[in-house]
Amino acid sequence: MRNQLWSLIAVMVCAIGIAGAQSYDVSSIPEMLRKDAAVVVRQENQVFEVEGLKKGRLVYKLVLTVLNKAGDRHAEMAVVYDRFSPVSDIKATLYDAAGSPVRKYKKADIEDQSLVADYSIYEDTRVKYLRFLSTNYPYTIEYSYVQEFDGFLTLPSWRPISSFEMAVEASTFTLRCDPSYAFKQLQANVAVSDSAIVNGKKVLTWSSTQLPAFAHEPLSAGLDNLVPWVTLSPTAFEYDKSTGRMGNWNELGAWAYSLSEGTDVLSPADKARIQALIKDAPTDRDKIMRLYDYLQENTRYVSVQLGIGGFRPIAAEKVAQVGYGDCKGLSNYMKGMLQQAGIESHLVMIASGRPGLNPRYASVGQANHMILCVPTANDTLFLECTSPHYPMGYVGSSNAGRPVLLVTAGGGELAATPEYTAEDNFQRRHIQVRLDEQTGATVHITTAYGHAQFEGALGMMLTEPVEQRKRMVEGLGIPGMSLGEYRYVQADKQKPVITEEINLTSNQLISKGGDRLFLTLNLLNRREHIPTTLPNRKTDFKLEFQYTDEDEVVYELPSGYQVAHLPAAVAITTDFGTYSATFTYTGNTITYHRKQQMNSRRFAAGRYGDYVEFCKQVYQADKQKAVLTTSSGDKDI
């Protein structure tokens, strides 16, 4: 008893000493951490204790100093939770520059908001949210909380520097678990600084101190190569009465299959309807097309995220009855319909809008969407079942060209969605410009958009007419323009191609200088900015979007006008892309042809200067002008 008392006193003295030594005075931040920083993490501590496959406890604390207005976006607490992960013991305080408390927040100050999106009707995820407000810089925020987990599919990750312009004084992540508890990990730029057995528990600690900030860099491929980070994932788990393993993708796929097994059954009435739809379809592809059209015309997307419902599809019979479902439910409904047509298909776990799944590291958190895969004799179709407008087989640019997981009866199988090449993602434009003697012009523009560029045109086609017209006027940006009639046409609903036709007039295409007239030949598709040069760039950069733009502009000159000068042809070839521009004059017609093709690749930081130079050359080429004269000085120009 006496030994226990002395142990308690020792702990209290230690705690008091730490509290007394603790200072949030901004003047104590080393100058090296202020450089390029908008915020400085003064102290971050997170401890996660695993108490079995089903139980876990997170204790988290963050102290962060906001140096200037650019750091205000970090001055918030947002703790996401649901009925399986309640949050308690929240404490939050705002300090001034000297480290003196300005405000201690109460429970009533913390908002408890639903995270239900406008496309969701069933979702139990919520957030405890607090925005720290201060008009005086610098200031410091502090908050802490405890979160209990009744089943979990993921383990906390550790990333002390989570963005540009963030420096770190000290950050620590500790995992406590039974020595037999199995988990996987990915990490970079860090090693386990402490690993021990304490009171029968394995304790692993990762920590970093005195990490300087990185200035923001455009087109950055991320800080992962430069900063420490750790990602953990359990090998076995239990969640909402469901158990599974994810030691590899096959095991994770087997768990996902067990959740969906039996949910693709349809009612007798639905089966009869499907047979009627496909009864005279000559091929399997025709059957798939009819059923996909039926899905698009008779269902809509609504998110459903309730516990295991965030992973288990809604029963296909229910989707058919109510006419809506989330990505899992709609894909599973399509799977059920195809099954009635005798066509095999597989649900697909995919990282939409993110890098693809890491083939060597299986974890639930990487995938955020579900589509459907239909293997056929001659091809493999991937179907995006949430869009009422995509052609069959077009999955969208956010789903294209990435590793995915097929959910099969034999477990998970890694595959890849089709990649849309630069040639696929095209914009082909023809512009006919008729100039009059008063330098006015009538303009007819025809543009075809394919694949990824089809998506932007689709968005415009579906926009309300008033807003559509407003966006078009702002987007064209032609001086002195008066917009006339326009239209969007998707001639073949089975192809991701939309054609846009626009008629307009302008009285400012030609500028006058002395007795000469100047005509910028690239009417629409010009590079307007050159990226800022970064001599000491730290991060790799990536060109995310590969595409091909081809523009032809034909200018019909009025009688009496001649061309005094045309620019020379331009041709640029680099790793980033290619560019060409040609200029011809025949009769009374100037023809300008421009083609730019860009590659989607990651480049080393040292190549950024080359990329800036490429952009500069394109910028200069896009601004080139023709010089015109008139045969008679009495022309009213």
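Since we're looking at a predicted model, the values are computed, not measured.

Looking only at helices and strands, the protein features 10 helices and 38 strands. Its C-alpha atoms give the protein principal-axis dimensions of about 110 × 75 × 45 Å. Across the 637 residues in the protein, those meeting the buried criterion constitute 47%. When contacts within the protein are restricted to residue pairs at least 6 apart in sequence, those whose partners lie at least 24 apart make up 71%. Of the charged side chains in the protein, 65 are positive and 71 negative; the average position of the first set lies 4 Å away from that of the second.

In spatial order, the strands read E5-E4-E9-E2-E1-E10-E13-E12; together these 8 strands make up an open sheet with mixed pairing. Edge positions in the sheet fall to strand E5 (101-104) and strand E12 (194-198), since each has one partner strand and no second. Across the sheet, the axes of successive neighbouring strands diverge by a mean angle of 10 degrees, strand direction being ignored.

Take helix H8 (residues 452-461) next. Every buried residue of H8 is accounted for by Ala452, Gln453, Phe454, Ala457, Leu458 and Met460. Where H8 is buried, its residues contact strand E25 (426-435), strand E26 (441-450), helix H9 (465-476), strand E27 (481-489), strand E28 (497-506) and strand E32 (547-556).

Turning next to the side chain of arginine 537. With respect to the element layout, arginine 537 can be found in the loop between strand E30 (516-520) and strand E31 (541-542). Its relative accessible area of 8% is what places arginine 537 among the buried residues. Polar contacts involving the side chain of arginine 537 include one to the main-chain carbonyl oxygen of proline 218, which spans 2.7 Å. Non-local contacts of arginine 537, meaning those with residues more than four positions away in its chain, are made with Glu217, Pro218, Leu219, Ser220, Ala605 and Tyr608.

Another aspect to go through is the environment of glutamine 490. Mapped onto the fold, glutamine 490 is located in the loop between E27 and E28. The sequence separation of glutamine 490 and leucine 628 amounts to 138 residues, and the corresponding C-alpha distance is 39 Å. Once residues within four sequence positions are removed from consideration, glutamine 490 is found in contact with Pro391, Phe454, Met461, Lys495, Val497 and Ile498. Among the polar contacts made by the side chain of glutamine 490, one reaches the main-chain carbonyl oxygen of lysine 495 at a distance of 3.1 Å.

Moving on, we get to unusual backbone geometry. The omega torsion of the bond from tyrosine 137 to proline 138 falls at -5 degrees, within 30 degrees of zero and hence cis. Structurally, proline 138 is set in the loop between strand E8 (126-131) and strand E9 (139-150). Phi angles above zero are rare outside glycine, and glutamine 210 is one such case at about 55 degrees. As for its position among the elements, glutamine 210 is in strand E13 (residues 201-211). On the basis of relative accessible area, glutamine 210 is assigned to the partly exposed category, the value being 34%.

Two elements in contact, helix H5 (residues 284-298) and helix H7 (residues 327-340), have axes whose closest approach is 10 Å; the angle formed by their N-to-C orientations is 145 degrees. Relative to H7, the crossing made by H5 is right-handed. For the pair H5 and H7, the contacting residues are Ile288, Leu291, Tyr292, Tyr294 and Leu295 in the first and Leu330, Tyr333, Met334, Met337 and Leu338 in the second.

Looking now at the sheet that holds E25. Here 8 strands make up an open sheet; going across it, the order is E27-E28-E26-E25-E32-E36-E35-E34 and the pairing mixed. Of all the strands in the sheet, just E27 and strand E34 (570-573) have a single pairing partner and so form its edges. Taken over all neighbouring pairs, the strand axes of this sheet differ in orientation by 10 degrees on average, direction set aside. Inspection of the sheet shows E26 paired to E28 by 10 bridges, in the antiparallel sense.

Another aspect to go through is the pattern of salt bridges. Summed over all chains, the structure comprises 33 salt bridges. Across the pair glutamate 169 and arginine 42 runs a salt bridge, and its minimum N-O distance is 2.5 Å. You can see glutamate 169 sitting in strand E10 (residues 166-177) and its partner arginine 42 sitting in strand E1 (residues 39-50), a full 127 residues away along the chain. In this pair, the class of glutamate 169 matches that of arginine 42, namely buried. Residue glutamate 76 is joined to arginine 131 by a salt bridge in which the shortest nitrogen-to-oxygen separation is 3.2 Å. Taken together, the residues span a long stretch of sequence, with glutamate 76 in strand E3 (residues 76-81) and arginine 131 in strand E8 at a distance of 55 residues. One continuous salt-bridge network, built from bridges that share partners, spans Glu49, Arg176 and Lys201.

Membership of the largest hydrophobic core comes to 111 residues, with the highest contact counts inside it found for Met334 and Val433. Considering each element in turn, this core owes the most residues, 7 residues, to helix H10 (residues 608-622). Discounting chain neighbours no more than four positions away, the residues touching methionine 334 are Ile288, Leu291, Tyr292, Leu295, Leu372, Leu383 and Cys385. Of all hydrophobic cores here, the second largest spans 46 residues; its members include Ile110, Ile141, Phe214 and Leu223.

Using the criterion set out here, one finds 28 aromatic pairs in the structure. On the numbers, 5.8 Å between centres and 90 degrees between planes, the contact of tyrosine 394 with phenylalanine 454 is edge-to-face. Linking tyrosine 394 in the loop between strand E22 (380-383) and strand E23 (403-408) with phenylalanine 454 in helix H8, this pair joins segments that are 60 residues apart in sequence. By relative accessible area, tyrosine 394 is classed as buried at 2%. Phenylalanine 454 gets classed as buried once you look at its relative accessible area, which sits at 0%. Taken together, a centroid distance of 6.3 Å and an interplanar angle of 35 degrees make the contact between phenylalanine 541 and phenylalanine 576 tilted. Of this pair, phenylalanine 541 sits in strand E31 while phenylalanine 576 sits in the loop between E34 and strand E35 (577-586); the two residues are 35 residues apart in sequence, bridging distant segments of the chain. Of the two residues examined, phenylalanine 541 and phenylalanine 576, each falls in the buried class. One aromatic cluster in this structure is built from Phe541, Phe576, Phe603, Tyr608, Tyr611 and Phe614. The ring of tyrosine 608 has arginine 537 lying over it, and the distance from NZ or CZ to the ring centre is 4.4 Å.

A pair of packed helices can be characterised by two numbers: the angle between their axes and the separation between those axes. Where helix H4 (residues 268-278) contacts H5, the two axes come as close as 9 Å, and the packing angle between them is 125 degrees. The angle between H4 and H5 falls in the class oblique. Regarding H4 and H5, the two cross each other, and that crossing is right-handed. Judged by residue contacts, Arg273, Ile274, Leu277 and Ile278 of H4 engage Lys287, Arg290, Leu291 and Tyr294 from H5. Classifying every residue of the contact of H4 with H5 gives 5 nonpolar, no polar and 3 charged.

On to the confidence of the model for the protein. In the predicted model, the protein carries a mean pLDDT of 91, and the fraction of residues at 70 or more is 93%. A low-confidence stretch, residues 1-21 stays under pLDDT 50, and its non-local contacts, those more than four residues away or across chains, total 0 contacts. Overall, residues 117-122 carries pLDDT values under 50, and its contacts beyond four positions in sequence, including any with other chains, amount to 14 contacts.

About the thresholds
Residues numbered from 1 in each chain as written. Predicted model: local features only at pLDDT ≥ 70, side-chain atom pairs only at ≥ 80, totals over all residues. Heavy atoms only, no water. Helix = DSSP H or I, 4+ residues; strand = E, 2+ residues; numbered from the N terminus. Buried < 20%, exposed > 50% of the residue type's maximum accessible area, 1.4 Å probe, protein only. Contact = heavy atoms within 4.5 Å. Lys, Arg positive; Asp, Glu negative; His and termini not counted. Charge placed at Lys NZ, Arg CZ, Asp CG, Glu CD. Pairing = 2+ DSSP bridges. Axes fitted to C-alpha atoms, helices over the stretch in contact; angles between N-to-C directions. Polar contact = N/O pair within 3.5 Å; in protein donor to acceptor, adjacent residues only side chain to side chain. Left-handed = near helix turned anticlockwise from the far one by under 90°. Salt bridge = Lys/Arg side-chain N within 4 Å of Asp/Glu carboxyl O. Core = buried A, V, L, I, M, F, W, Y, C linked by side-chain atoms within 4.5 Å. Phe/Tyr/Trp six-rings, centres within 6.5 Å; stacked < 30°, edge-to-face > 60°. Lys NZ or Arg CZ within 6 Å of the ring centre and 35° of its normal. Parallel < 35°, antiparallel > 145°, perpendicular 65-115°, else oblique. Nonpolar A, V, L, I, M, F, W, Y, C, P; charged D, E, K, R; others polar. pLDDT = per-residue confidence, 0-100.

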